[in-house]
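Structural overview for review
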Amino acid sequence: MIKKENVLKLLVFVTLVTAMGFWANYLSGNEAFYKRALENRKEESYSGIVIEKYIDSSQHCTPMLKFTSSSSNAVVDSFWYEVEVGDSIVKVKGQSSIYLYKNNQLKQVFDYEVYYQNLMTRKSKH
């Protein structure tokens, strides 16, 4: 005969194992997502003088920079706030960094690798 206590313990155990499995999958999924995002960012290549900064509401309110070449590129908020119209940007394909020049002098290097690593670290702490 199966005791009610044993059934309850088994249900609690199965519930905990399932919850831990979902949690582990959630964390590993985010890590894979950030790694893919970093690889996509490394494949980007653009440069030019910024002629406009805007938020693209049709792309989930993405911060955008428009260059003299009429091309536009999405960047993360923290970098977008540092850029001003008239600044020059260089992003080389295969690299994770964006170089920001003000008055022809390098003023900031934004590294997507560091950015995504910080996001992964922050997610794993929650």
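Residues numbered from 1 in each chain as written. Predicted model: local features only at pLDDT ≥ 70, side-chain atom pairs only at ≥ 80, totals over all residues. Heavy atoms only, no water.

1. What about the overall build of the protein chain?
The cut-off we apply is this: Helix numbering and strand numbering both begin at the N terminus, where a helix is a DSSP run of H or I of at least 4 residues and a strand a DSSP run of E of at least 2. For every residue, the accessible area obtained with a 1.4 Å probe (protein chains only) is divided by the maximum for its type, and the residue is called buried under 20%, exposed over 50%, and partly exposed between those limits. Contacts are assigned to residue pairs that have any heavy atoms within 4.5 Å of one another. The accessible surface values rely on the Shrake-Rupley method and a 1.4 Å probe; as for residues, cover is taken only from the protein chains in view.
The helix and strand tally for the protein chain stands at three helices and six strands. Residues classed as buried in the protein chain amount to 25% of the 126 residues present. Here the contacts in the protein chain between residues at least 6 apart in sequence split such that 46% fall between residues at least 24 apart. Taken as a whole, the protein chain presents about 8900 Å² of accessible surface, with 56% of it coming from carbon and sulfur.

2. A short note on the environment of Phe 33
By the secondary structure assignment, Phe 33 is in helix α1 (residues 4-43). Taking the C-alpha atoms as reference points, Phe 33 and Tyr 116, 83 residues apart in sequence, are found 9.8 Å from one another.

3. Brief notes about the packing of aromatic side chains
What counts is decided by this rule: Each Phe, Tyr or Trp ring, with Trp reduced to its six-membered ring, pairs with another whose centre is within 6.5 Å; inter-plane angles below 30 degrees give stacked pairs, above 60 give edge-to-face pairs, and intermediate values give tilted ones.
For the structure on display, the rule yields 10 aromatic pairs. Where Phe 33 meets Tyr 34, the ring centres are 5.4 Å apart and the plane angle is 65 degrees; that geometry is what we call edge-to-face. The exposure class of Tyr 34 is buried, given its relative accessible area of 11%. Judged by centre distance (6.0 Å) and plane angle (35 degrees), the ring pair of Tyr 34 and Tyr 116 falls under tilted. Of this pair, Tyr 34 sits in helix α1 while Tyr 116 sits in helix α3 (residues 112-125), and the two are 82 residues apart along the sequence.

4. Some words on the nonpolar core
What counts, and what does not: Within this scheme, the nonpolar core is defined by two criteria: the residues are buried Ala, Val, Leu, Ile, Met, Phe, Trp, Tyr or Cys, and they are joined through side-chain atoms within 4.5 Å.
Ranked by internal contacts, the top residues of the largest apolar core, which has 20 residues, are Leu 65, Val 75, Phe 79, Ile 89, Ile 98 and Tyr 112. Contributions of two or more residues to this core are made by α1, β1 (46-56), β2 (62-67), α2 (77-80), β5 (97-102) and α3. Ranked by residue count, the leading element in this core is α3, at four residues. Those residues in contact with Phe 79, other than ones at most four positions away along the chain, are Leu 65, Ile 89, Ile 98, Leu 100, Gln 108 and Phe 110.

5. A short note on the pattern of salt bridges
Note the threshold: Note on definitions: salt bridges are taken to be side-chain nitrogens of Lys or Arg within 4 Å of carboxyl oxygens of Asp or Glu.
Taken as a whole and assessed by the stated rule, the structure comprises six salt bridges. For the salt bridge of Arg 41 with Glu 44, the shortest nitrogen-to-oxygen distance reads 3.6 Å. When its relative accessible area of 14% is taken as the criterion, Arg 41 is described as buried. What makes Glu 44 partly exposed here is its relative accessible area of 22%. In this structure, Lys 102 and Asp 87 form a salt bridge, with 2.7 Å as the shortest nitrogen-oxygen distance. Of this pair, Lys 102 sits in strand β5 while Asp 87 sits in the loop between α2 and β4 (88-91), placing them 15 residues apart in sequence. We classify Lys 102 as buried; its relative accessible area is 18%.

6. Quick word on the pairing of β1
To be explicit about the condition: The criterion for strand pairing is that DSSP finds at least two bridges linking the strands in question.
Inspection of the sheet shows β1 paired to β4 by four bridges, in the antiparallel sense. Across the sheet, residue Tyr 46 finds its bridge partner in β4, namely Lys 91. Here β1 folds back onto β2 in antiparallel fashion, the turn holding five residues, of which His 60 has a positive phi close to 60 degrees.

7. With respect to unusual backbone geometry
Phi at Cys 61 is positive, roughly 60 degrees, even though this residue is not glycine. Assessed through its relative accessible area of 51%, Cys 61 is described here as exposed. We note that Asn 103 has phi near 55 degrees; this positive angle belongs to a residue other than glycine. Summarising the element assignment, Asn 103 is placed in the loop between β5 and β6 (105-111).

Geometric descriptors of this kind do not, in isolation, establish any biological role.
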